[in-house]
Amino acid sequence: MSISVLGAGAFGTALAISLARSGQPVILWARDADHAKMMQADRENAKRLSGHRFPDSLTVTADIEIATQAEILLLATPMQQLARFTTEHADLLANHPLVACCKGVDLQTGLGPVATLAQICPTATPAILTGPSFANDIARGLPTALTLACADDTIGAMLQTRLSTENLRLYRTTDTTGAELGGALKNVVAIACGAAMGAGLGESARAAVMTRGYAEMQRLAQDMGAKAQTLSGLSGFGDLTLTCTSEQSRNYSYGLALGQGKPFDPNITVEGAKTALAVSNLAKNRNVEMPITEVIAAVLTEKTTIQKAMEALLSRPLKKE
Ligand SMILES: NC(=O)C1=CN([C@@H]2O[C@H](COP(=O)(O)OP(=O)(O)OC[C@H]3O[C@@H](n4cnc5c(N)ncnc54)[C@H](OP(=O)(O)O)[C@@H]3O)[C@@H](O)[C@H]2O)C=CC1
Ligand SMILES: O=C(CO)COP(=O)(O)O
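As a convention, each chain's residues are numbered from 1 in the sequence order in which they are written. The order in which chains are written sets their letters, starting at A; the order in which ligands are written sets their numbers, starting at 1. This being a predicted model, a pLDDT of at least 70 is required before a residue's local features are given, and a value of 80 or more before pairs of side-chain atoms are given or counted; all residues contribute to the totals for chains, interfaces and linings.

The name an unreviewed UniProt entry assigns to the chain is Glycerol-3-phosphate dehydrogenase [NAD(P)+], from the organism Profundibacter amoris. Regarding the chain, the relevant UniProt record gives this comment under Subcellular location (unreviewed entry): "Cytoplasm". UniProt positions are given in the numbering used here, feature names are shortened, and annotations may be inferred rather than shown by experiment. On record in UniProt, under Pathway (unreviewed entry), the comment for the chain is "Membrane lipid metabolism; glycerophospholipid metabolism."

Moving on to the sheet that holds strand β5 (residues 97–100). Strand pairing is assigned whenever DSSP detects at least two bridges linking the two strands. For helices the rule is a DSSP run of H or I covering at least 4 residues; for strands it is a run of E covering at least 2, with both sets numbered from the N terminus onward. If you trace the 8 strands from one edge of the open sheet to the other, you get β3-β2-β1-β4-β5-β6-β7-β8, paired in mixed fashion. In this open sheet, the two strands that pair with only one neighbour each are β3 (58–61) and β8 (168–173). For this sheet, the mean angle separating the axes of adjacent strands, direction not counted, is 25 degrees. Of the strand pairs in this sheet, strand β7 (residues 144–150) and β8 are connected by 6 bridges, and their pairing is parallel. Bridging from a neighbouring strand, Thr144 pairs with Leu168 of β8. Between the N-to-C directions of two axes lies an angle of 0 to 180 degrees, each axis being a line fitted to C-alpha atoms and, for a helix, fitted only over the stretch in contact.

Our focus in this paragraph is the environment of Ala36. Its place among the elements puts Ala36 in helix α2 (residues 33–42). C-alpha of Ala36 to C-alpha of Ala8: the two residues are 28 residues apart in sequence and 8.5 Å apart in space. Sequence-distant contacts of Ala36, defined by excluding residues within four places in its chain, comprise Ala30, Val60, Thr61 and Ala62. Contacts here follow a simple rule: the backbone-placed C-beta atoms of the two residues must lie within 7 Å.

You can read the domains of the chain as domain 1 (3–174) and domain 2 (185–315). Domain 1 and domain 2 are separated by 25 Å when their C-alpha centres are compared. Taken together, the contact pairs 18 residues of domain 1 with 19 residues of domain 2. Here the element with the most residues in the side of domain 1 that touches domain 2 is β7; it accounts for 3 residues. Source of the domain bounds: an automatic or database domain assignment.

Of all residues adjacent to ligand 1, which total 27 residues, the nearest are Gly9, Phe11, Cys102, Ala135 and Thr269. Within the residue set of the shell around ligand 1, elements represented by two or more residues are α1 (10–20) and α4 (79–88). Per element, the largest residue contribution to the shell around ligand 1 is 4 residues, and it comes from α4. Residue classes in the shell around ligand 1 are distributed as 11 nonpolar, 9 polar and 7 charged. The criterion for a residue being near a molecule or strand is simple: its C-beta atom, placed using the backbone, must lie within 6 Å of it. Lys, Arg, Asp and Glu make up the charged group, whereas Ala, Val, Leu, Ile, Met, Phe, Trp, Tyr, Cys and Pro make up the nonpolar group; the residues left over, Gly among them, are polar.

The environment of ligand 2 is formed by 13 residues, the closest being Pro132, Asp239, Ser249, Arg250 and Asn251. Contributions of two or more residues to the shell around ligand 2 are made by α9 (176–198), α12 (234–245) and α13 (250–260). Here the shell around ligand 2 takes 3 residues from α12, the largest share from any one element. Across the shell around ligand 2, the residue classes tally to 4 nonpolar, 5 polar and 4 charged. Two domains each put at least three residues into the shell around ligand 2: domain 1 (3–174) and domain 2 (185–315).

Below, the structure is given as structure tokens:
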């Protein structure tokens, strides 16, 4: 089964490189024709993931009709663009296994990537590839372990086999809700951890934010029918650990800048920012307590400051763990 990656950002490019290293043909689709032409000629994605040479079996195109001729389609746009992209190309995406490679919750609909694909493309089989992995690490060929979630376990098993490579080890689950929530919610906690570090509160405070953040991730996920076990796996706890402790993470770095009162490049993809607002709405509607997400959403909408937000978290009533 042939594979195309739709979206030539850092992650889509890294996945395409890793998949093509085995010599199998892989297509990488970019929305911009000049960008596609440049990548095809230079054999690298200088704009989004420089320094990683494309294997010979990787072809780049800006022609969506060519790209969607592949059987397996990986969708690697940012979360807030997924619904628009899927709607625009719904006819071409129909009846394919569609593997979402983004992390977040759509601010307009409150849906995660799998639910978004299912709603817009009901004849497709939606899945998600998520877990702790920096694009740079994947492109360098460093070992990574990810979760492949698909409600249809037969197709999930096929995707697990086809998308595992020498440096991508995929674990499989049918709990798509748990997998997509883990990847979405950990980014919000990473912003909070960065903010705590940036504000000079120290590593002990970061560990507290991470742990209590994990508790609220579990609360929302279980309220939405996810399995606790999924959240404790690669897509939840695993990715939380990576993202809350590494300055390679854009969400964590964004939080650091917030905590330090410094500006952050608005062109950098920070999925946790819009997702914090979407999740804060979800939590309110479902009556689920998510204090860390609440304060991050309040900071991002300028209803409070980082200092006041941290004080608010520390002065909450004492309770049982
Ligand atoms: N980078 C990483 O290490 C990892 C990222 N992810 C996830 O992958 C997803 C994508 O992130 P990442 O690749 O890093 O992002 P980047 O910022 O590197 O790239 C985003 C890409 O999406 C494209 N794009 C934006 N809007 C549209 C649209 N409407 N239609 C088609 N293409 C569009 C952009 O095109 P253009 O270049 O033309 O602007 C760009 O190529 C995120 O959800 C992220 O959480 C997951 C694991 C690791
Ligand atoms: O999701 C990621 C690692 O698993 C990438 O994190 P950032 O989007 O914060 O860079």
